[in-house]
Amino acid sequence: MKIVIFSSVFNHHSLPLCDALNAIENVQCIFVETMEEEQQRRDLGYHAYDRNYVLNMLKSEENRAKAYELALSADVMIASVFPYEFLKERLKRNKLTFLCQERMFKGKVTLQRKLRAWAYNMRKFHCFRKKPLYFLSIGDMAAEDYRSIGFYKGKSFRWAYYPPFLPYDLGELAKKK
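This section reports on the structure supplied with the text.

The next subject is the side chain of Arg-90. Looking at the element boundaries, Arg-90 is found in helix α4 (residues 84-92). Here Arg-90 is buried and forms no salt bridge, its nearest opposite-charge partner Asp-75 lying at an N-O distance of 7.2 Å. Among the polar contacts listed, one links the side chain of Arg-90 to the side chain of Thr-97, at a separation of 2.8 Å. Each residue touching Arg-90, except ones within four places of it in the same chain, is listed here: Leu-70, Ala-71, Leu-72, Ala-74, Asp-75, Val-76, Met-77, Lys-95, Leu-96 and Thr-97.

In structure tokens form, the structure reads like this:
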């Protein structure tokens, strides 16, 4: 099984999941970076991880073509930050696809904000309502945000990245404060 994940940059949030998927026999997971890491993130201590399954589609036209081919050929696509045209072509082929998003509405939710979100989603995603397109909710409220404007009812799941458990000596941690 080939799984492709489209997201902004490969980081410590994605590393444990991708490593775990690639450790499963007959599963290949490819992570496609769709953006360059911002300097602000590097200043916070984020760093690049050297993994042979990471493809940065911005590095060359050849990489962009590989990313497009992966979007069309993978058995499963999980997409949070992605080129819309890749999604359209993939769903024309009825390929299993998951959109992965955080909350749409943070702060005060007004009717105007809901209408704007509804219009955007109607324009971009309504045409795929009968396709194998599902929603992965990052956090409890993301799915509710989309359901409140009429999207992904019965087609959403909770989703998160779970880092590996690392036991710590609490006394040693307290000394480092």
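Next up on the list: a nonpolar patch on the surface. A cluster of nonpolar side chains, Leu-166, Tyr-168, Leu-170 and Leu-173, forms an exposed patch at the surface whose accessible area comes to about 460 Å². Positionally, Leu-166 belongs in the loop between β7 (156-159) and α7 (170-175).

What follows concerns the pattern of salt bridges. According to the stated counting rule, one finds nine salt bridges in the structure shown. With its nearest N and O atoms 3.0 Å apart, the salt bridge here joins Asp-19 to Arg-51. Here Asp-19 is found in helix α1 (residues 15-22), whereas its partner Arg-51 is found in the loop between α2 (39-43) and β3 (54-56), with 32 residues between them in sequence. Judged by relative accessible area, which is 28%, Asp-19 ranks as partly exposed. When its relative accessible area of 28% is taken as the criterion, Arg-51 is described as partly exposed. Of the charged contacts in the structure, one is a salt bridge between Lys-106 and Glu-102, with a shortest N-O distance of 3.6 Å. Residue class for Lys-106 comes out exposed when judged on its relative accessible area of 53%. What emerges from the salt-bridge pattern is a single network uniting Glu-89, Lys-92 and Arg-93.

Cut-off values and rules
- Residues numbered from 1 in each chain as written.
- Predicted model: local features only at pLDDT ≥ 70, side-chain atom pairs only at ≥ 80, totals over all residues.
- Heavy atoms only, no water.
- Helix = DSSP H or I, 4+ residues; strand = E, 2+ residues; numbered from the N terminus.
- Buried < 20%, exposed > 50% of the residue type's maximum accessible area, 1.4 Å probe, protein only.
- Lys, Arg positive; Asp, Glu negative; His and termini not counted.
- Salt bridge = Lys/Arg side-chain N within 4 Å of Asp/Glu carboxyl O.
- Polar contact = N/O pair within 3.5 Å; in protein donor to acceptor, adjacent residues only side chain to side chain.
- Contact = heavy atoms within 4.5 Å.
- Patch = residues over 30% accessible without salt bridge, like charges linked within 9 Å, V, L, I, M, F, W, Y side chains within 5 Å.
- Areas by Shrake-Rupley, 256 points an atom, 1.4 Å probe, with all protein chains shown as cover.

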